[in-house]
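Read off the chains here:
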Amino acid sequence: MTTIQTSMPARAVHADTRPLWDRLRTNRNWLALWFMLPAAAFLILFLAYPLGLGIWMSFTDERIGRTGVFVGLENYEWLWSDSIFWLSVFNTLLYTIIASAIKFAIGLYLALLLNRHMPFKAMIRAIVLIPFIVPTVLSAIAFWWIYDAQFSIISWSLIKLGLITQNINFLGDTDWARASVIFANIWRGVPFVAITLLAGLQTVSPSLYEAATLDGATDWQRFRYITYPLLTPIIAVVMTFSVLFTFTDFQLVWALTRGGPVNATHLMATLSYQRGILSGRLGEGAAIATAMIPFLLAAIAISWFGMQRRKWQQGSDND
Amino acid sequence: MASVQINDVRKSFGGFEVLHGVTVPIEDGAFVVLVGPSGCGKSTLLRMLAGLENITSGTIAIGDRVVNNVQPKERDIAMVFQNYALYPHMTVAQNMGFSLKLRNAEQADITTRVKKAADILDLTPLLDRYPRQLSGGQRQRVAMGRAIVRDPQVFLFDEPLSNLDAKLRVAMRTEIKELHQRLKTTTVYVTHDQIEAMTMADKIVVMHDGIVEQMGSPLELYDRPDNQFVAGFIGSPAMNFLNGHLRSNGQLYVETENGSKLPIASAPPGSDGRAVVYGVRPEHLDLASDGIEAEVAVVEPTGSETQIVSRIGTQEIIAVFRDRHQVQPGDKIHLRPRADVAHLFDKDTGRRL
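Parameters and conventions
- Residues numbered from 1 in each chain as written.
- Chains lettered and ligands numbered in written order.
- Predicted model: local features only at pLDDT ≥ 70, side-chain atom pairs only at ≥ 80, totals over all residues.
- Heavy atoms only, no water.
- Helix = DSSP H or I, 4+ residues; strand = E, 2+ residues; numbered from the N terminus.
- Contact = heavy atoms within 4.5 Å.
- Areas by Shrake-Rupley, 256 points an atom, 1.4 Å probe, with all protein chains shown as cover.
- Lys, Arg positive; Asp, Glu negative; His and termini not counted.
- Charge placed at Lys NZ, Arg CZ, Asp CG, Glu CD.
- Pairing = 2+ DSSP bridges.
- Axes fitted to C-alpha atoms, helices over the stretch in contact; angles between N-to-C directions.
- Parallel < 35°, antiparallel > 145°, perpendicular 65-115°, else oblique.
- Left-handed = near helix turned anticlockwise from the far one by under 90°.
- Nonpolar A, V, L, I, M, F, W, Y, C, P; charged D, E, K, R; others polar.
- Core = buried A, V, L, I, M, F, W, Y, C linked by side-chain atoms within 4.5 Å.
- Buried < 20%, exposed > 50% of the residue type's maximum accessible area, 1.4 Å probe, protein only.
- Domains from an automatic or database assignment.
- Buried area = accessible area lost by both parts, 1.4 Å probe.
- Salt bridge = Lys/Arg side-chain N within 4 Å of Asp/Glu carboxyl O.
- Polar contact = N/O pair within 3.5 Å; in protein donor to acceptor, adjacent residues only side chain to side chain.

A. Quick look at the overall build of chain B. Assigned secondary structure in chain B consists of eight helices and 19 strands. If you line up chain B on its principal axes, its C-alpha atoms span 75 × 45 × 35 Å. By sequence separation, contacts in chain B at least 24 residues apart represent 67% of the contacts at least 6 residues apart. When the accessible surface of chain B is summed, it comes to about 15700 Å², and 45% of that surface belongs to carbon and sulfur atoms. Chain B carries 39 positive and 43 negative side-chain charges, and their two centres are separated by 6 Å.

In structure tokens, the structure reads:
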């Protein structure tokens, strides 16, 4: 953060005659530092320090109640041969890829729909946001009831409709459990994608669509050649966030399945919590959490390089 | 190329009618300018012609075909938008070739046609640039290039010069007119600027509040405005209007409220004493020793000419002189209107007498 320039060198020279404290108080460079300090302190204390501590811990055998000793890569060697860890990696990737893809598809569809003129537009937009504003744990508990082995409203409805004869074991069967947590995640994540993409859609000038219509574009071609390319910067940002949030998801899965049945829904985040906090092996839990970092960096890198390719967008005036 | 027939076209938004039966015949190859103040319905009419707005009633025909229910892309028209509407993510060449690409034209054919249009508009060195890398005038030319490439039956321009600075506007005006003389494609051009209309049009259609006030060649409109609105709209500075009563017993003149006598060459018979509006253009006033007495309020020299704003009683009158008369605010001057080019309008209806 050295972008603030001394635009008044004459004054700086003049200030030299004053006491140090006065200079620190009024010099523009120092002043900038003072203003940044609260934010910097906040970030260091709550982000950089825990991250550093977590990474350090993953190289120790720390347990709850006992300071760890440096053990090098031992935690990682353990994990390398741990099939449950690899299952959680698989689950996390499956969960992230399927949920993100479907969230993107539904979110984009909803955004396109909400971008049209329709009655009660404002109200519908507000309703779409509801899953996003309900606290995660509350919605997870609601889903827990919806998926309940005995009292599931889905099973009940399907039985009443005569489509099935016995309750579906939503959270007890491995495949059903995976599908159930993915569905809950999608339900919760779609509004974020939809509303952000809708905001992006509204920045596209209507005259571009009119020009494309006169150029002979069909609805699909207007989407393919105008909407989609103009939306890619927003898509890149929103999908990066969506992937990061999904990959690191914890609350929903923990509230619904706690990683079960037979670890079928254990994500890296839930496994890390279980090993690190519940079992008390902080070092191992930290190692699992640290193992998520390369995946997250890869996701960011993909969207970063995706964004860099758009030459038309670079520069300031883009009207 | 094709003619365009706009026949008794009406347009309502909800229950509110904005166009009240507009009929405009446009000859094949003509350059027609729709001009009028904002809200007069000129842009709506153009958008209806393009197919971007539905036609509430009446018909629009391009060539022999009524296009009321024809999709925009099948109308064979090309439109230049006020904000150019260039696709920001496409290069100049892609922008220009987009319509051909949508028609599945051969890439080689697209390239040839884009090159040809780029040559006409001096865009060749810019073909690989993106719109944001172009100046306003260049963007304007790309927008025209996009229209030319399609070789349409009709060009539509929707206030294409209003986003340019004054100097560039004059240059582009000439460029568009030259382009039309070269391509001879029927052109409908919408503007609120009467100077653009006067300089570019074969035929001007003056619109006001959803109706056509008058159409004709620029000089017809200037010389014989049908009504007070057209008289005031065409010409800059605007025509002076003085209220008075027609006197035709023996001598023919218009008498203003303060007793000044305004000369007039002819008047409909039997209208002695009729309340009229006397119209005279600023350039048709001469300084004389025996004209109407006026007090100079403001002197505005523009270099080539001088505008003098003065007052006759309570009414304001503007005169334009090419000679540099030495007058100061507060001076009394005498203005003599040229009787042969003075206009008379009915006080109540505004119609030309």
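B. Structural detail: the sheet that holds strand S19 (residues 343–346) of chain B. Residues and elements named next belong to chain B. Strand order across the open sheet formed by five strands is S13-S12-S11-S14-S19, with antiparallel pairing between neighbours. Each edge of the open sheet is held by one strand with a lone partner, namely strand S13 (261–263) and S19. The average undirected angle you get between the axes of adjacent strands in this sheet is 45 degrees. Pairing geometry for strand S11 (residues 240–247) and strand S14 (residues 275–280), over six bridges, is antiparallel. Its bridge partner being in S14, Leu 242 is matched across the sheet by Tyr 278.

C. Structural context of the packing of helix H3 (residues 107–121) of chain B against helix H4 (residues 136–149) of chain B. Residues and elements named next belong to chain B. At their nearest, the axes of H3 and H4 sit 9 Å apart, and the two run at 135 degrees to each other. Classified by the angle their axes make, H3 and H4 are oblique. In this structure, the crossing between H3 and H4 has a hand that is right-handed. Counting all contacts with H3, which are made through Arg 113, Val 114, Ala 117 and Leu 121, the residues of H4 involved are Arg 141, Met 144, Gly 145, Ile 148 and Val 149. Partitioning the contact of H3 with H4 into residue classes produces six nonpolar, one polar and two charged.

D. Seen up close, the nonpolar core. Grouped together as the largest cluster of nonpolar side chains are 61 residues, with contacts concentrated most on Ile226(A) and Leu156(B). With seven residues, the single largest contributor to this core is helix H11 (residues 219–247) of chain A. What Leu156(B) contacts, discounting residues up to four positions off in sequence, is Leu46(B), Leu49(B), Ala50(B), Ile77(B), Ala78(B), Met79(B), Val80(B) and Val188(B). Of all hydrophobic cores here, the second largest spans 44 residues; its members include Leu121(B), Leu123(B), Phe157(B) and Tyr222(B).

E. Representation of helix H2 (residues 92–102) of chain B within the structure. With eight of eleven residues buried, H2(B) is to be regarded as a mostly interior element. Of the positions making up H2(B), those classed as buried are Val92(B), Asn95(B), Met96(B), Gly97(B), Phe98(B), Ser99(B), Leu100(B) and Leu102(B). Lining the buried residues of H2(B) we find helix H10 (206–214) and H11 of chain A together with H3 and H4 of chain B.

F. Highlighting the domain arrangement of chain B. Residue and element names in this part refer to chain B. The assigned domain composition of chain B is domain 1 (4–229) and domain 2 (237–346). Taken over C-alpha atoms, the centre of domain 1 sits 39 Å from the centre of domain 2. On the side of domain 2, eight residues touch domain 1, which itself brings six residues to the contact. Contact with domain 2 buries surface across domain 1, with Tyr 222, Pro 225 and Gln 228 losing the most and accounting together for 87% of the total. Linking domain 1 with domain 2 are zero salt bridges, by the criterion used here. The greatest single-element share of the side of domain 1 that touches domain 2, amounting to three residues, is contributed by helix H7 (residues 218–223).

G. Structural view of the environment of Phe151(A). All names here are of chain A. Tracing the backbone shows Phe 151 in the loop between helix H7 (136–146) and helix H8 (153–160). Classification of Phe 151 by relative accessible area gives exposed; the value is 55%. Along the sequence, Phe 151 and Gly 172 sit 21 residues apart, while their C-alpha atoms lie 14 Å from each other.

H. Region of interest: the domain arrangement of chain A. Residue and element names in this part refer to chain A. With domains assigned, chain A is organised as domain 1 (9–57) and domain 2 (74–313). Distance between the C-alpha centres of domain 1 and domain 2: 39 Å. The interface of domain 1 with domain 2 comprises four residues on the first partner and six residues on the second. Summing the contributions of domain 1 and of domain 2, the shared interface buries around 340 Å²; its carbon and sulfur component is 72%. On the domain 1 side of the interface with domain 2, the three residues burying the most area are Gly 54, Ile 55 and Met 57, jointly 91% of the side's total. Run the count over domain 1 and domain 2 and you get zero salt bridges. Summed over the shared surface of domain 1 and domain 2, the result is zero residue pairs in polar contact (both at pLDDT 80 or more).

I. Representation of H10(A) within the structure. With eight of its nine residues buried, H10(A) lies for the most part within the structure. If you follow the buried residues of H10(A), they end up packed against helix H9 (174–201) and H11 of chain A together with helix H1 (42–50), strand S6 (77–80), H2 and H4 of chain B. At the exit of H10(A) stands Gly216(A), carrying a positive phi of roughly 100 degrees.

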